[in-house]
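A structural walkthrough
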Amino acid sequence: MAEWFPILIGLIALYVPTWVGLSRTIWVAEAQAHGPIILGVALWFLWKQGPVIHELAAQPAKTGWPLFVLGLLLYVIGRSQDILLFEVGSQIFVIISLLLIQRGWAAARAAWFPLFFLLFMIPLPGTFVDALTLPMKMAVSYVAENVLYWVSYPISRTGVILQIGQYKLLVADACAGLQTLFTLEALGLLYLNIVRHDSLFRNVTLAILIIPISFTANVIRVMALTLITYHFGDAAGQGFLHGFAGLVLFITALLIIIGVDSLLQFAERRWKSATARGAA
Amino acid sequence: MTMQSLSFRNLSFRNLSFRNLSLLALMFIAAALAIVLKPTHFEVDPSSQKGYEKIIPNKFGDWITEENEGSLVVNPQQEEQLKGLYSEVVAKIYVQASSGRKIMLSIAYSADQRHENQIHKPEVCYPAQGFELLGIKKDLMQTRFGNIPVMRVQTRQGRRVEPVTYWIRVGDKLARGAIEQNLARVQFGLRGRIPDGLLFRVSSIEDDTVAAYQLQDQFVDDLIGSLDPVDRSQFIGDTVSSNSATTILSGVTRALKD
């Protein structure tokens, strides 16, 4: 195990300052509040895979060293120049390259899930996020308005501003953001990894369905906020927004994911037994 | 037998630790470089005040400021945040005497353009205040001092259609949009320098976007034309007025005309 100590110390020297920096800045904001959870989950999976990786035969890959240098370069530029995309993204390069140097491709494969998971920790460039967030915000406001109007609430909408009774609500980025979508996608993947389906059909279908699921969860969150504001006033609405809205979103999404997954399982079983009977 | 295997193990251990120690050394070097390369030198003293409120005349050419009485929609939370971010903020509404058409001018200045203090771009600010973003594109604004790279942002809130034109001066460079803004910042940053920054934004409430942008171009040309060269470079930097060939040419023709 001694061979891993220098590597662990090096990683700590590189990334503990990064994590401390993140915890003071973007992790505090709602859009990136999932960051520490992603990191924790990824580190836990890496730790769990540790012994497996250690036991692998050392067949160092040639790509390891160039990748290592590239990762460090990204880190140096990213950290010194405040380019979070580079700084946080470099984690993946550095860890993969260390595994390649120490063990080889088999080790990288053994650690694919936590490494892939670390992708969700990278804050995306604002321009990219904004370009995709706006249509999503419009769609969320549109659906929320129509559903509430349909159950005869006095609601109207101008762009992304909802007007219910005397209250005006602005559907903010955080309510429908791309980051939320990614967080939920990460949550879904984590669910899939923990449940460990052997069925490819269920895995792939669920991974794709997470996008509409996240959309639905967002609509539910916005509607909940709108209704709380309408019935209990502005203060209650703001309290909900800062206290529970995120939690509601995650629980709603998780419940829908589990529900959809059970449905898929049920459908798959019926389909399988039907084909089995057909074959017999 | 035992001796041999022992020495073999020692050898392999030594090899491994040499490799691993060099990995460690490289990681330490990277961590140290990241600290050393952090920009620390302010191009402009952050405690200094430029006095943009005074630099920008209330009357020039065909334009005169209007006392604004709540006609600018201000979000109080936004206001508070902006005060922390910018050392100087100027917002004025001008009326073109000959036509009665209005232009809203907004200037925001900060000596510290490190990432977390970077000037906010209108394509982010407007949607954050409930405006729809109808379109955004890069453009060149022709002025008598050369072409200024600008961003044209089309916004709308309900019936209020508000075309916006802006650019950001980062040090002596002009930028529009997040990528250019960050590239400009990093160009200074890699030399250890922290540039100052200024947002120059004009907008008007008008359905006809083409006409609105024409009027805005006219306004900008008149405004920067009324400033002396030192003050002017505070807004359009030095790149426009010194480097471009078209500028020199237009300067010559202008001199001939005068």
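Residues numbered from 1 in each chain as written. Chains lettered and ligands numbered in written order. Predicted model: local features only at pLDDT ≥ 70, side-chain atom pairs only at ≥ 80, totals over all residues. Heavy atoms only, no water.

**Focus on the overall build of chain B**
On a plain count of helices and strands, chain B comes out with nine helices and eleven strands. Relative to its 258 residues, chain B shows a buried fraction of 46%. Excluding contacts between residues fewer than 6 apart, the proportion of contacts in chain B whose partners are at least 24 apart in sequence is 70%. (Helix = DSSP H or I, 4+ residues; strand = E, 2+ residues; numbered from the N terminus. Buried < 20%, exposed > 50% of the residue type's maximum accessible area, 1.4 Å probe, protein only. Contact = heavy atoms within 4.5 Å.)

**Some remarks on the confidence of the model for chain A**
When pLDDT is low, close inspection of the predicted coordinates is not appropriate. Counting all residues, the mean pLDDT for chain A is 84, and 90% of those residues have values of 70 or more. At the low end of the mean pLDDT range in chain A sits helix α8 (residues 173-176) of chain A, at 54; at the high end sits helix α3 (residues 64-80) of chain A, at 96. (pLDDT = per-residue confidence, 0-100.)

**Notes on the pattern of salt bridges**
Residue and element names in this part refer to chain B. Under the counting rule described, the total for this entry stands at 18 salt bridges over all chains. The partner of Glu43 in a salt bridge is Arg193, with the nearest N and O atoms 2.8 Å apart. You can see Glu43 sitting in the loop between β1 (41-42) and α2 (52-55) and its partner Arg193 sitting in strand β10 (residues 193-194), a full 150 residues away along the chain. As a salt-bridge pair, Glu132 and Arg156 come within 3.3 Å of each other at their nearest N and O atoms. Taken together, the positions of Glu132 in strand β6 (residues 132-143) and Arg156 in strand β7 (residues 146-157) put the pair 24 residues apart, joining distant regions of the chain. Residues joined by salt bridges that share partners form a network here, namely Lys138, Arg176 and Glu180. (Salt bridge = Lys/Arg side-chain N within 4 Å of Asp/Glu carboxyl O.)

**So, the packing of helix α1 (residues 5-24) of chain A against α3 of chain A**
Residues and elements named next belong to chain A. Contact geometry of α1 with α3 gives a least axis separation of 12 Å together with a crossing angle of 35°. Taken as a pair, α1 and α3 cross one another with a handedness that is left-handed. On α3, the residues touching Ala13, Leu14, Tyr15, Pro17 and Thr18 of α1 are Leu72, Tyr75 and Arg79. Of the residues that constitute the contact of α1 with α3, the class distribution is six nonpolar, one polar and one charged. (Axes fitted to C-alpha atoms, helices over the stretch in contact; angles between N-to-C directions. Left-handed = near helix turned anticlockwise from the far one by under 90°. Nonpolar A, V, L, I, M, F, W, Y, C, P; charged D, E, K, R; others polar.)

**Comments concerning the environment of Asn147 of chain B**
Residue and element names in this part refer to chain B. Along the polypeptide, Asn147 turns up in strand β7. When its relative accessible area of 30% is taken as the criterion, Asn147 is described as partly exposed. As for Asn147 and Ile236, which are separated by 89 residues in sequence, their C-alpha atoms are 9.9 Å apart.

**Digging into the interface of chain B and chain A**
How big an interface is tends to be stated in terms of accessible area lost as the parts join. Of the residues lining the interface, 34 residues belong to chain B; the matching set on chain A comes to 33 residues. Summed over the three residues of chain B that lose the most area to chain A, namely Arg19, Leu23 and Met27 of chain B, the buried surface amounts to 22% of that side. The interface formed by chain B and chain A includes zero salt bridges. Put simply, chain B and chain A have seven residue pairs in polar contact (both at pLDDT 80 or more) between them. Ranked by residues supplied to the side of chain B that touches chain A, first place goes to helix α1 (residues 2-36) of chain B with 14 residues. (Buried area = accessible area lost by both parts, 1.4 Å probe. Polar contact = N/O pair within 3.5 Å; in protein donor to acceptor, adjacent residues only side chain to side chain.)

**Details of the packing of aromatic side chains**
Residues and elements named next belong to chain A. Scanning the entire structure with this criterion turns up 19 aromatic pairs over all chains. Consider the rings of Trp44 and Phe45, whose centres lie 5.2 Å apart with planes at 85°: the pair is edge-to-face. Aromatic side chains Phe45 and Phe113 sit 5.0 Å apart centroid to centroid with 65° between the ring planes, which places their arrangement in the edge-to-face category. Of the two residues, Phe45 is situated in helix α2 (residues 35-55) and Phe113 in helix α6 (residues 112-117); the sequence distance between them amounts to 68 residues. Here the two residues Phe45 and Phe113 agree in accessibility, since each one is buried. (Phe/Tyr/Trp six-rings, centres within 6.5 Å; stacked < 30°, edge-to-face > 60°.)

**Details of the side chain of Glu268 of chain A**
Tracing the chain through its elements places Glu268 of chain A in helix α12 (residues 245-279). The contact partners of Glu268 of chain A, leaving out residues within four places of it in the chain, are Ser199, Phe201 and Arg202 of chain A.

**A short note on the sheet that holds strand β1 (residues 155-158) of chain A**
All names here are of chain A. Read from one edge of the open sheet, three strands run β1-β2-β3, paired in antiparallel fashion. At either margin of the open sheet sits one strand with a lone partner, and together these are β1 and β3 (167-170). The average undirected angle you get between the axes of adjacent strands in this sheet is 20°. (Pairing = 2+ DSSP bridges.)

**Focus: the side chain of Thr252 of chain A**
Tracing the sequence through the fold places Thr252 of chain A in helix α12. Residues contacting Thr252 of chain A, with those up to four places away along its chain left out, are Ala217 and Ile220 of chain A.

**Digging into a nonpolar patch on the surface**
On the surface, Phe5, Leu8, Ile9 and Trp47 of chain A together with Phe28 of chain B cluster together into a nonpolar patch covering about 580 Å² of accessible area. Of the residues forming the nonpolar patch, the biggest block, three residues, is contributed by α1 of chain A. Here Phe28 of chain B is to be found in helix α1. Phe28 of chain B sits in the partly exposed class, given a relative accessible area of 39%. (Patch = residues over 30% accessible without salt bridge, like charges linked within 9 Å, V, L, I, M, F, W, Y side chains within 5 Å. Areas by Shrake-Rupley, 256 points an atom, 1.4 Å probe, with all protein chains shown as cover.)

**Quick word on the nonpolar core**
Membership of the largest hydrophobic core comes to 52 residues, with the highest contact counts inside it found for Leu11, Leu14, Phe68, Val94, Leu98, Phe117 and Met121 of chain A. Here the element with the most residues in this core is helix α4 (residues 84-102) of chain A; it accounts for eight residues. Contacts of Phe68 of chain A, omitting those with residues within four sequence positions, involve Val94, Ser97, Leu98 and Ile101 of chain A together with Leu23, Leu26 and Met27 of chain B. (Core = buried A, V, L, I, M, F, W, Y, C linked by side-chain atoms within 4.5 Å.)

**A short note on α2 of chain A**
Residue and element names in this part refer to chain A. Between the first and last C-alpha of α2 there are 31 Å, a value that for 21 residues agrees with the 30 Å anticipated at 1.5 Å per step. The sharpest bend along α2 reaches about 40° and sits at Gln49, with the proline Pro51 one to four residues further on. Taken together, the buried positions of α2 are occupied by Gly35, Ile38, Leu39, Val41, Ala42, Phe45, Leu46 and Ile53. (Expected span 1.5 Å × (residues − 1). Bend = angle between axes of the 7 residues up to and from the residue.)

**Remarks on α4 of chain A**
Residues and elements named next belong to chain A. With 19 residues, α4 extends 27 Å from end C-alpha to end C-alpha; this agrees with the ideal 27 Å at 1.5 Å per step. At Ser90, α4 shows its maximal kink, close to 30°. Taking burial as the measure, the 19 residues of α4 include 15 buried ones, the bulk of the element. Where α4 ends, the next residue or the one after it, Gly104, has phi of about 125°, a positive value.

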